[in-house]
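Structural features, examined
Now for the letters of each chain:
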Amino acid sequence: MNKEVQIHQHLHLVGHKCPMNFVYTKLKLEEMRDGEVLEVVVSTGEPARNVPRSVIAEGHKVLEEGTLGEHYRIRIRKVGE
Amino acid sequence: MELSEQEVLRYARHIVLPQIGGVGQRTLKGASALVVGAGGLGSPAIYYLAAAGIGALHIVDNDVVDRTNLHRQILYRMAELGEPKAQTARRRVEAINPHVSVQATRCRVDDTNVEGLVRGCSVVLDGSDTAGTKFLLNRACVAASVPLIYAGVIRFEGQVTTIAPGVGPCLQCLFADPEAFDRDPLETCSQAGVLGAVAGQIGSLQAIEALKILLGVGDPLIGRMLVVDALDNRFRTVPFIQRPECPVCGSESGE
Ligand SMILES: [Zn+2]
């Protein structure tokens, strides 16, 4: 049923450790407009747990997340400004 | 004011803070601070402002490094005894953070130069140890509408307040008589003892206040004097108000 969301920006952050994966995600979100969607691909494990949590703490919305091959994909809707 | 890849890495732990982010970090990069006095207060303040990535830092001090400074003025090394503090502090900052444009001036701040030093700064930190300089900086900062982070330290005690011209009271609203100030609890460090780490604590608080003012976050010490007693670990904030008859910032001061 999942209708395809429009992705406005994409970041490939596999291999980036915490907190840099979140730092790059946050900087990208700052550039984007309210309602736009950022897709981030990170390594599984710690980054996969931390990036969604940090993004939500900043008030953004995680639309979907899950493994993508051997990586982890997060789709975030920017909230604010 | 874009951040380079190296800067993004360097400031990562700032950028993750909701109160800073990339926006705040770029604000700091676009800001300039004047630090008057590179001594016990100025040492930690300069270290932290430099490390925090303030864009431009101007360090003013007239003294040379003396052996009696070393217990609290942590900018300096044994090998630098006798060297001018301002220039030595500049070398230290350059070694910590090449992204900071740092200027050093060896001079005594007085009536003739204070206006030029303060003009155009985003914030001024008072790390001086004489009443004359403190009241001079207060007057110049109010006149130029530049926020001033005042501090003093003696023995085991320290004081910090933030003067925000047009927003809150000034130093002379609190100490009405500058002439009497030298007889107040804050004598100068050269005469009395001071625990080095207390100067470090108070100078760090100054850096925090300066960064908060630049970022526009939190609740700065405007109209409040933070009084720290390190011996029994007491922190008090003493509120004070703007006096309409204040000769520096008051509405009845004649202008
Ligand atoms: Zn006043």
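What counts as what
- Residues numbered from 1 in each chain as written.
- Chains lettered and ligands numbered in written order.
- Predicted model: local features only at pLDDT ≥ 70, side-chain atom pairs only at ≥ 80, totals over all residues.
- Heavy atoms only, no water.
- 1 Å grid on protein atoms, 1.4 Å probe; cavity = no way out; pocket = protein on both sides within 12 Å on 5 of 7 lines; lining within 4 Å.
- Points joined across faces, edges and corners; volume = space filled by probe spheres on them.
- Helix = DSSP H or I, 4+ residues; strand = E, 2+ residues; numbered from the N terminus.
- Nonpolar A, V, L, I, M, F, W, Y, C, P; charged D, E, K, R; others polar.
- Buried < 20%, exposed > 50% of the residue type's maximum accessible area, 1.4 Å probe, protein only.
- Pairing = 2+ DSSP bridges.
- Right-handed = clockwise from strand over helix to strand, strands pointing away.
- Domains from an automatic or database assignment.
- Contact = heavy atoms within 4.5 Å.
- Buried area = accessible area lost by both parts, 1.4 Å probe.
- Salt bridge = Lys/Arg side-chain N within 4 Å of Asp/Glu carboxyl O.
- Donors = N, O, S within 2.8 Å, 3.2 Å for Na, K, Ca; no water.
- Tetrahedral: all angles 85-135°; square planar, octahedral: opposite > 155°, others 65-115°.
- Patch = residues over 30% accessible without salt bridge, like charges linked within 9 Å, V, L, I, M, F, W, Y side chains within 5 Å.
- Areas by Shrake-Rupley, 256 points an atom, 1.4 Å probe, with all protein chains shown as cover.
- Polar contact = N/O pair within 3.5 Å; in protein donor to acceptor, adjacent residues only side chain to side chain.

**Side note on the layout of surface pockets**
In this structure, the second largest pocket spans a volume of roughly 280 Å³. Around the second largest pocket, the lining comprises 13 residues; the ones closest to its centre are A:Glu30, A:Glu58, A:His60, A:Lys78 and A:Glu81. When residues of the lining of the second largest pocket are traced back to their parent elements, those giving at least two are α1 (20-31) of chain A together with α3 (21-29) of chain B. The greatest single-element share of the lining of the second largest pocket, amounting to 3 residues, is contributed by α1(A). Residue composition of the lining of the second largest pocket, by class: 5 nonpolar, 3 polar and 5 charged.

**Some details on the pairing of strand β5 (residues 148-154) of chain B**
Residue and element names in this part refer to chain B. For β5, the buried fraction is high: 7 of the 7 residues fall into the buried class. Neither face of β5 is exposed, since Leu-148, Tyr-150, Gly-152 and Ile-154 on one face and Ile-149, Ala-151 and Val-153 on the opposite face are all buried. Of the strand pairs in this sheet, strand β4 (residues 123-126) and β5 are connected by 2 bridges, and their pairing is parallel. Looking at the pairing, Val-124 lines up with Leu-148 of β5. Chirality of the crossover, the property in question, places the unit of β4, helix α7 (residues 131-144) and β5 among those that are right-handed.

**Structural notes on the domain arrangement of chain B**
All names here are of chain B. Domain annotation of chain B identifies domain 1 (1-30) and domain 2 (31-239). If you average the C-alpha positions of domain 1 and of domain 2, the two centres end up 24 Å apart. Tallying the contact residues gives 14 residues for domain 1 and 15 residues for domain 2. Taking both partners together, domain 1 and domain 2 bury about 1,100 Å²; carbon and sulfur atoms supply 56% of that area. The three residues of domain 1 that bury the most area against domain 2 are Arg-10, Tyr-11 and Leu-28, which together make up 49% of that side's buried surface. Counting across the domain 1 and domain 2 interface gives 0 salt bridges. Contributions of two or more residues to the side of domain 1 that touches domain 2 are made by α1 (5-10) and α3. Here the element with the most residues in the side of domain 1 that touches domain 2 is α3; it accounts for 5 residues.

**Remarks on helix α4 (residues 42-52) of chain B**
Most of α4(B) sits inside the fold, with 8 of its 11 residues counted as buried. Turning to α4(B), its buried residues are B:Gly42, B:Ser43, B:Pro44, B:Ala45, B:Ile46, B:Leu49, B:Ala50 and B:Ala52.

**A look at the coordination of the zinc ion**
Residue and element names in this part refer to chain B. The protein atoms that coordinate the zinc ion are Cys-170 (SG), Cys-173 (SG), Cys-246 (SG) and Cys-249 (SG), at distances of 2.3 Å. Considering all 4 donor atoms around the zinc ion, the spread of angles at the metal, 92 to 122 degrees, places the coordination shape in the tetrahedral class. All donors of the zinc ion come from a single chain, and their spacing in sequence reads C-x2-C-x72-C-x2-C. Here Cys-170, found in the loop between β6 (157-163) and α8 (171-174), pairs with Cys-249, found in the segment after β8 (234-239); they are 79 residues apart in sequence, far enough to count as distant.

**Observations concerning a nonpolar patch on the surface**
Where nonpolar side chains cluster on the molecular surface, the patch consists of B:Phe156, B:Leu195 and B:Leu231 and spans about 280 Å² of accessible area. For B:Leu231, the location among the structural elements is in the loop between β7 (224-229) and β8.

**Quick word on the interface of chain B and chain A**
Each partner contributes residues to the interface: chain B has 13 residues there, and chain A has 9 residues. Broken down residue by residue, the surface that chain B buries against chain A is led by B:Val8, B:Ile15 and B:Val16, which jointly contribute 42%. Joining chain B to chain A, the criterion identifies 6 residue pairs in polar contact (both at pLDDT 80 or more). Breaking the side of chain B that touches chain A down by element, the ones donating at least two residues are α1, α2 (12-15) and α3 of chain B. Among the elements that line the side of chain B that touches chain A, the one with the most residues is α3(B), at 4 residues. Among the residues forming the side of chain B that touches chain A, the class breakdown is 8 nonpolar, 2 polar and 3 charged.

**Some points on unusual backbone geometry**
The amide bond that connects A:Cys18 to the next residue, A:Pro19, takes the cis arrangement and shows omega of 5 degrees. In this structure, A:Glu81 is a non-glycine residue whose phi angle is positive, near 50 degrees. By the secondary structure assignment, A:Glu81 is in the segment after β4 (71-77). The backbone of B:Asn233 shows a phi angle near 55 degrees, a positive value even though the residue is not glycine. Its location among the elements puts B:Asn233 in the loop between β7 and β8. Note on B:Asn233: relative accessible area 60%, which makes it exposed.

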